2 protein chains.
Amino acid sequence: MNIGIRLKQRTFLKAFVFFAAFSFAASAHAAAGDQDLINKASQIFGPLPQTMPTEQNPITPAKVKLGKVLFYELRISIDGTVSCAKCHPISLHAADGLKKAKGNNCKENPRNSPTIFNAASQITEHWIGNRTSVEDQAKQAVTGPPAFGMPSYESVEKILKGMKGYLTLFQDAFPGEKDPVTIDNFAKAIGAFERTMVTPAPFDDFMKGNAGAMTEQQKKGLKTFLDTGCMTCHFSPYVGGQMYQKFGVIEPYLKYTKSEKADEGRFAVTKNETDRFLFKVPVLRNVAVTPPYFHDGSVDKLDQAVWIMAKIQLGKDLSKQQTEDVAAFLSSLTGRISNEDLAVPILPAGE
Amino acid sequence: MNIGIRLKQRTFLKAFVFFAAFSFAASAHAAAGDQDLINKASQIFGPLPQTMPTEQNPITPAKVKLGKVLFYELRISIDGTVSCAKCHPISLHAADGLKKAKGNNCKENPRNSPTIFNAASQITEHWIGNRTSVEDQAKQAVTGPPAFGMPSYESVEKILKGMKGYLTLFQDAFPGEKDPVTIDNFAKAIGAFERTMVTPAPFDDFMKGNAGAMTEQQKKGLKTFLDTGCMTCHFSPYVGGQMYQKFGVIEPYLKYTKSEKADEGRFAVTKNETDRFLFKVPVLRNVAVTPPYFHDGSVDKLDQAVWIMAKIQLGKDLSKQQTEDVAAFLSSLTGRISNEDLAVPILPAGE
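## A look at the overall build of chain A
Then step 1. Scanning chain A from N- to C-terminus turns up 13 helices and 2 strands.
Then step 2. Along the three orthogonal principal directions, the C-alpha set of chain A runs to about 80 × 60 × 35 Å.
Then step 3. Burial analysis of chain A (351 residues in total) assigns 52% to the buried set.
Then step 4. A separation threshold of at least 6 residues defines the contact pool for chain A, and within that pool the share at least 24 residues apart is 69%.
Then step 5. Roughly 16,500 Å² of accessible area belongs to chain A as shown, and the carbon and sulfur atoms make up 58% of that amount.
Then step 6. The average position of the 41 basic charges and that of the 36 acidic charges among the side chains of chain A differ by 5 Å.

## So, the environment of Arg111 of chain B
All names here are of chain B.
Then step 1. Here Arg111 shows up in the loop between α3 (84–87) and α4 (134–143).
Then step 2. For Arg111, a relative accessible area of 17% gives the class buried.
Then step 3. A sequence separation of 95 residues divides Arg111 from Phe206, and the C-alpha atoms of the two residues are 33 Å apart.
Then step 4. In this structure Arg111 touches Lys99, Lys100, Ala101, Trp127, Ile128, Asp263, Phe279 and His295, once residues within four positions along its chain are discounted.
Then step 5. Here the side chain of Arg111 touches Asp263 through a polar contact of 2.8 Å, side chain to side chain.

## Thoughts on helix α5 (residues 153–161) of chain A
Then step 1. Within the sequence span of α5 of chain A, burial applies to Ser155, Val156, Glu157 and Leu160 of chain A.
Then step 2. Where α5 of chain A is buried, its residues touch α2 (61–71), α4 (134–143), α6 (164–173) and α7 (183–194) of chain A.

## Things to note about the packing of aromatic side chains
All names here are of chain B.
Then step 1. What the rule picks out here adds up to 22 aromatic pairs over all chains.
Then step 2. Between Phe45 and Phe203, the aromatic rings sit 5.3 Å apart at their centres with planes inclined by 80°, giving edge-to-face as the arrangement. One end of the pair, Phe45, is in the loop between α1 (2–44) and α2 (61–71); the other, Phe203, is in helix α8 (residues 202–207), and 158 residues separate them in sequence.
Then step 3. Among the residues examined, Phe45 registers a relative accessible area of 3% and is labelled buried.

## Focus on the state of the cysteines
Then step 1. Taken as a whole, this structure holds 1 disulfide over all chains when the rule is applied.
Then step 2. Covalently, Cys106 of chain A is tied to Cys106 of chain B through a disulfide, its sulfur atoms 2.1 Å apart. Disulfide Cys106 of chain A to Cys106 of chain B: torsion about the S-S bond roughly 110°, handedness right-handed. Taken together, the residues span two chains, with Cys106 of chain A in the loop between α3 (84–87) and α4 and Cys106 of chain B in the loop between α3 and α4.
Then step 3. The closest cysteine sulfur to the non-disulfide-bonded Cys233 of chain A is located on Cys230 of chain A, 9.1 Å from its own sulfur.
Then step 4. The thiol of Cys87 of chain B is not disulfide-bonded; the next cysteine sulfur, from Cys84 of chain B, is found 8.9 Å away.

## Structural notes on the relation of the copies chain B and chain A
Then step 1. Rotating chain B by 180° about the axis while translating it 0.0 Å along that axis superimposes it on chain A, leaving an RMSD of 0.0 Å. The superposition of one copy onto the other is thereby described by a two-fold rotation axis. Rotation axis and chain B: the residue whose C-alpha lies nearest the axis is Ala343 of chain B, separated from it by 2.2 Å.

## A few points about the nonpolar core
The tendency in soluble globular proteins is for nonpolar side chains to be buried as a group.
Then step 1. If you look at the biggest cluster of nonpolar residues, it comprises 84 residues, and the most contacted ones within it are Tyr166 of chain A together with Tyr166 of chain B.
Then step 2. The residues contacting Tyr166 of chain A, other than those within four sequence positions of it, are Leu66, Val69, Leu70, Glu73, Leu160, Leu347 and Pro348 of chain A.

## Some words on the interface of chain B and chain A
Then step 1. Listed per partner, the contact involves 27 residues of chain B and 27 residues of chain A.
Then step 2. The contact between chain B and chain A buries some 2,200 Å² in all, and 68% of this surface belongs to carbon and sulfur atoms.
Then step 3. If you look at where chain B meets chain A, you find 0 salt bridges.
Then step 4. Along the contact surface separating chain B from chain A lie 4 residue pairs in polar contact (both at pLDDT 80 or more).
Then step 5. A breakdown of the residues in the side of chain B that touches chain A according to their chemical character gives 15 nonpolar, 5 polar and 7 charged.

## Looking at unusual backbone geometry
Then step 1. Here Pro291 of chain A and Pro292 of chain A are connected by a cis peptide whose omega angle stands at -5°.
Then step 2. By the secondary structure assignment, Pro292 of chain A is in the loop between β2 (278–280) and α11 (302–314).
Then step 3. One non-glycine residue, Cys106 of chain A, adopts positive backbone phi at about 65°.
Then step 4. For Ser236 of chain B, which is not glycine, the phi dihedral falls at a positive 80°.

## Considering the pattern of salt bridges
Residue and element names in this part refer to chain A.
Then step 1. Taken as a whole and assessed by the stated rule, the structure comprises 34 salt bridges over all chains.
Then step 2. Taking the shortest distance from any N to any O, the salt bridge between Arg336 and Asp205 comes out at 3.1 Å. Of the two residues, Arg336 is situated in the loop between α12 (320–331) and α13 (339–342) and Asp205 in helix α8 (residues 202–207); the sequence distance between them amounts to 131 residues.
Then step 3. Judged by relative accessible area, Arg336 falls into the partly exposed class, the value being 42%.
Then step 4. Of the charged contacts, one joins Asp325 and Lys220 as a salt bridge, the two residues approaching to 3.5 Å between their closest N and O atoms. Of the two residues, Asp325 is situated in helix α12 and Lys220 in helix α9 (residues 216–228); the sequence distance between them amounts to 105 residues.
Then step 5. Where salt bridges share partners, they join Asp34, Glu216 and Lys219 into one cluster.

## A short note on α4 of chain A
Residues and elements named next belong to chain A.
Then step 1. Counting buried positions along α4 gives 7 out of 10 residues, so the element sits mostly inside the fold.
Then step 2. All of the buried residues along α4 are Val134, Glu135, Asp136, Gln137, Ala138, Ala141 and Val142.
Then step 3. Among the structural elements, α5 and α7 are those in contact with the buried residues of α4.

## Some words on the confidence of the model for chain A
All names here are of chain A.
Then step 1. Per-residue pLDDT for chain A has a mean of 93; in total, 91% of the residues score no lower than 70.
Then step 2. A low-confidence stretch, residues 1–8 (pLDDT under 50), is modelled with 0 contacts involving residues beyond four sequence positions or located in other chains.
Then step 3. Reported for the predicted complex are a pTM of 0.90 and an ipTM of 0.89.

## Details of the environment of Thr168 of chain B
Residue and element names in this part refer to chain B.
Then step 1. By the element assignment, Thr168 lies in helix α6 (residues 164–173).
Then step 2. By relative accessible area, Thr168 is classed as partly exposed at 45%.
Then step 3. Along the backbone, Thr168 and Tyr238 are 70 residues apart, and their C-alpha atoms lie at a distance of 35 Å.

## Some thoughts on the packing of α2 of chain A against α7 of chain A
All names here are of chain A.
Then step 1. Contact geometry for α2 and α7: axes closest at 7 Å, N-to-C directions at 100°. The angle between the axes of α2 and α7 places the two elements in the roughly perpendicular class. Contacts between α2 and α7 pair Lys63, Val64, Leu66, Gly67, Lys68, Leu70 and Phe71 from the former with Phe186, Lys188, Ala189, Ile190, Ala192, Phe193 and Glu194 from the latter.
Then step 2. Residues that form the contact of α2 with α7 fall into these classes: 9 nonpolar, 1 polar and 4 charged.

## Quick notes on the side chain of Asn109 of chain B
Residues and elements named next belong to chain B.
Then step 1. Position of Asn109 relative to the elements: it lies in the loop between α3 and α4.
Then step 2. By relative accessible area, which is 16% here, Asn109 ends up buried.
Then step 3. One polar contact links the side chain of Asn109 to the main-chain carbonyl oxygen of Pro146, over a distance of 3.1 Å.
Then step 4. Every residue in contact with Asn109, bar those within four places of it in the chain, is listed here: Lys100, Ala101, Lys102, Gly103, Pro146 and Ala147.

Conventions adopted
- Residues numbered from 1 in each chain as written.
- Chains lettered and ligands numbered in written order.
- Predicted model: local features only at pLDDT ≥ 70, side-chain atom pairs only at ≥ 80, totals over all residues.
- Heavy atoms only, no water.
- Helix = DSSP H or I, 4+ residues; strand = E, 2+ residues; numbered from the N terminus.
- Buried < 20%, exposed > 50% of the residue type's maximum accessible area, 1.4 Å probe, protein only.
- Contact = heavy atoms within 4.5 Å.
- Areas by Shrake-Rupley, 256 points an atom, 1.4 Å probe, with all protein chains shown as cover.
- Lys, Arg positive; Asp, Glu negative; His and termini not counted.
- Charge placed at Lys NZ, Arg CZ, Asp CG, Glu CD.
- Polar contact = N/O pair within 3.5 Å; in protein donor to acceptor, adjacent residues only side chain to side chain.
- Phe/Tyr/Trp six-rings, centres within 6.5 Å; stacked < 30°, edge-to-face > 60°.
- Disulfide = S-S within 2.5 Å.
- Least-squares fit on C-alpha atoms with pLDDT ≥ 70 in both.
- Core = buried A, V, L, I, M, F, W, Y, C linked by side-chain atoms within 4.5 Å.
- Buried area = accessible area lost by both parts, 1.4 Å probe.
- Salt bridge = Lys/Arg side-chain N within 4 Å of Asp/Glu carboxyl O.
- Nonpolar A, V, L, I, M, F, W, Y, C, P; charged D, E, K, R; others polar.
- pLDDT = per-residue confidence, 0-100.
- Axes fitted to C-alpha atoms, helices over the stretch in contact; angles between N-to-C directions.
- Parallel < 35°, antiparallel > 145°, perpendicular 65-115°, else oblique.

Structure below.
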């Protein structure tokens, strides 16, 4: 009987090997059909890196550790209710779900707060490009009147110096510095943390050659995305974040959105007439799970946002099916959040 | 050479066994000196359970899973900024660090928000006992005008029903129910989650017989805590939460705190003259890391709070040293937060 069982096992094993080989061939065959799309996508978007480094602020484990703690720190805001995590809650894919972010004392921010996942390698931060980097964004947020609302950088440093636990964290993150608890190091630590926040998605698995990682509708949507010309602006591994563009190239967006009034965009920063209504092209990673849409959160639904964009940017009137396909493709950009990013740190005790 | 190594290993092993036996004897000896204190503490406080169950709402993994998601849900508040986690951020030991909690549209709550760690086995919830259980607290919070501020329970149910991801979570948590997405199940799920939030501390290790788990000052502080009579009100494994007491038995608290005005306490609930200035005795677990103190957050420092309590509740004027010792003991109640409690859930996507 033992031999019988062994034979059965062998037969089963052979059948399994045959089946596996067949499956592999089948999937290789399927992949061959998709290979064009994989090649095209890889060329336009390219592989998502594991982190988003910069020479100005090398990523170190100690900096990331401190940065994560500071990301959750509420006690450095004027009313004790604002932390980075307030407008970027991880549980909502690091965006806040509001039309416009609300900071200290419920003050409304001028624009919608984007996810900080995959955000650190953009040409600039904020919709109108008035923050040069994630470090600059973190630094300016603490004194930003609708953000943390603190009166000065010194007032933030004073609070951090008042909690012993922070001294060790800053010393570890910036070894050899005499007085490491500074606002610039605060910004560097948060920046280093944000530079690690990358969320690989089914789309990345697809670009790596796993044709089954995306549904047929998602692949159709990707084709439509490329054929329509969306990738003219939304390129790079982040599917955006690399250039400015006028919002409303063909038609004004006010015609289609529920926007209350026109935002002059980057003109507010440069005062160049050519920058009027220009915005940074947003990163589209995690876009399906971070409504509402546009700089003013004036559109709730992803398919509506897709249709409007094709219409006013490219003059193309996508059919309902095409719109839904593109939205399906965009949902393949919803990333996997690492356990590390899902873990909340315990903040140093107040003294 | 092999034999040589083996012999060396044996010698090392013998030395280790001897050393271990010696250490054990030494620590057993130290424990003998502390045994009285361990016995007394165990009698008054008793062992901290692993969860805080109730017959009315049995804890199940599926309920806890849903409850945790709901605990972070912001989209069921009138301004989209309030979740349970807002007033109970885990990173600050599940309290918010504010004098009085701030809810929707920055509305101030009437009293300080306590940590929800080790909170579910109190006789009642809230400072004046106007919530019968953690389930009742969760339910009433959503329509509480300074809390989530929603117009009705139905409006909350409608939002939750509008997100497909929630249906599965509710079905899993309440199997067999036709229409499981109800406000009562919402409350039960959050309650079940909160009933798991227990944070064992060095004090528990001490009560289990590990005399070295507390410092000498902490042990001195525990003795002072017992000798002064603090445990008359602050007893049970939660070191409080089991009775009401007048705040200011001997002297009015307004004499020593920065309180703006007297709070009538439980009188507001019962209208019984005997309940005037009565408050639920708070749980002291994690008290050292959850300032500010008292129902109105009117005191910032733990040692000051300790001194005031002894003075106005027991008529005892603790010395600076005694006060610091008691504060040290209270820091032995700072608990270990499980990795599970530190992990943020990903919320269902909006549709």
